[in-house]
Amino acid sequence: MSEREQGRAGGPDETRGEPPAAEARAEARPEERGRSETDEMVADLEGRWLRAVAELDTVRRRMARDMERQRQEERARVAAEWLPVLDNLELALRHAGDGARGSHGVPGAADAPREGAGGGGFAPPPGTGGSGHAEAVIEGVRAVRDQAVAVLARLGFPRQEAVGQKFDPAVHEAVGAVPDPHAQPGTVIEVVRPGYGDADHLLRPASVVVSTKAD
């Protein structure tokens, strides 16, 4: 056989194998697949972590709202226990003649007789020092009343100053209406029972008398 024939016979055997570059790509494919799977796992874990953080933040905010609501309810419960005591102090000052509207806008005291006055007033018992002792008692009751009002304010329920304001059904409760030529119709002209709190945190509405248009 000639050398040419031997070359032709050996040609296919020499080109039968894959080129070196193709062999390198084939060897790199498993490593690339492993890297891709790792990236997918990292992305999945990152997504789970972000969702867990978001859910935890939502739970934290919800717990904070629940705790604040519970605190508000507890403050309201404690403050409500003060109201009967405070109302009795107001009544005592009103009967003692603490002024027409008192230091906090409570009406009805101007017409009440003072201690020792004629017409059925509170006569001091013998040996109590007369009107001077009675005034000292009144001042003491007034101080206790003001202290109780301050406690309610610290609990988040300040006393309403309703006289002269426009009637607001959110914080006022109308118990009467009186024609008044000196006030605009719908104005609070008298407080029968004080209110505490505001529209957002109302402990008790103020019972008020409202002006109407005078004839």
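Below or above, wherever it landed, is the structure these notes cover. (Residues numbered from 1 in each chain as written. Predicted model: local features only at pLDDT ≥ 70, side-chain atom pairs only at ≥ 80, totals over all residues. Heavy atoms only, no water.)

**What to know about a nonpolar patch on the surface**
Piece 1. Taken together, the side chains of Trp-49, Leu-50 and Val-53 present a nonpolar region at the surface, about 320 Å² in accessible area.
Piece 2. Tracing the backbone through its elements, the reader meets Trp-49 in helix 2 (residues 20-96).
Piece 3. Trp-49 sits in the exposed class, given a relative accessible area of 54%. (Patch = residues over 30% accessible without salt bridge, like charges linked within 9 Å, V, L, I, M, F, W, Y side chains within 5 Å. Areas by Shrake-Rupley, 256 points an atom, 1.4 Å probe, with all protein chains shown as cover. Salt bridge = Lys/Arg side-chain N within 4 Å of Asp/Glu carboxyl O. Helix = DSSP H or I, 4+ residues; strand = E, 2+ residues; numbered from the N terminus. Buried < 20%, exposed > 50% of the residue type's maximum accessible area, 1.4 Å probe, protein only.)

**Describing the nonpolar core**
Piece 1. Counting residues in each nonpolar core, the largest one holds nine residues, listed as Ala-79, Leu-83, Leu-86, Ala-148, Val-149, Leu-152, Phe-157, Tyr-196 and Leu-203.
Piece 2. Elements with a contribution of two residues or more to this core: helix 2 and helix 3 (130-154).
Piece 3. Excluding residues that lie within four positions of it along the chain, Tyr-196 makes contacts with Leu-83, Leu-86, Glu-90, Val-149, Leu-152, Phe-157, Pro-158, Arg-159, Gln-160, Leu-202, Leu-203 and Arg-204.
Piece 4. Ranked by size, the runner-up nonpolar core spans six residues in total, among them Ala-162, Ala-206, Val-208 and Val-210. (Core = buried A, V, L, I, M, F, W, Y, C linked by side-chain atoms within 4.5 Å. Contact = heavy atoms within 4.5 Å.)

**Quick notes on the environment of Gln-147**
Piece 1. Looking at where Gln-147 falls in the secondary structure, it is placed in helix 3.
Piece 2. Overall, Gln-147 belongs to the exposed group, its relative accessible area being 54%.

**Notes on the pattern of salt bridges**
Piece 1. Applying the stated criterion to the full structure yields 12 salt bridges.
Piece 2. Residues Arg-60 and Asp-57 are paired through a salt bridge, measuring 2.6 Å at the closest nitrogen-oxygen approach. Taken together, the positions of Arg-60 and Asp-57, both in helix 2 and three residues apart, correspond to about one turn of that helix.
Piece 3. One salt bridge in this structure joins Glu-139 and Arg-142, with 2.2 Å as the shortest N-O distance. Here Glu-139 pairs with Arg-142, and both are found in helix 3, just three residues apart, close to one helical turn.
Piece 4. You can call Glu-139 partly exposed: its relative accessible area is 43%.
Piece 5. When its relative accessible area of 17% is taken as the criterion, Arg-142 is described as buried.
Piece 6. In this structure, a network of salt bridges that share partners links the residues Glu-90, Arg-145, Asp-146 and Arg-159.

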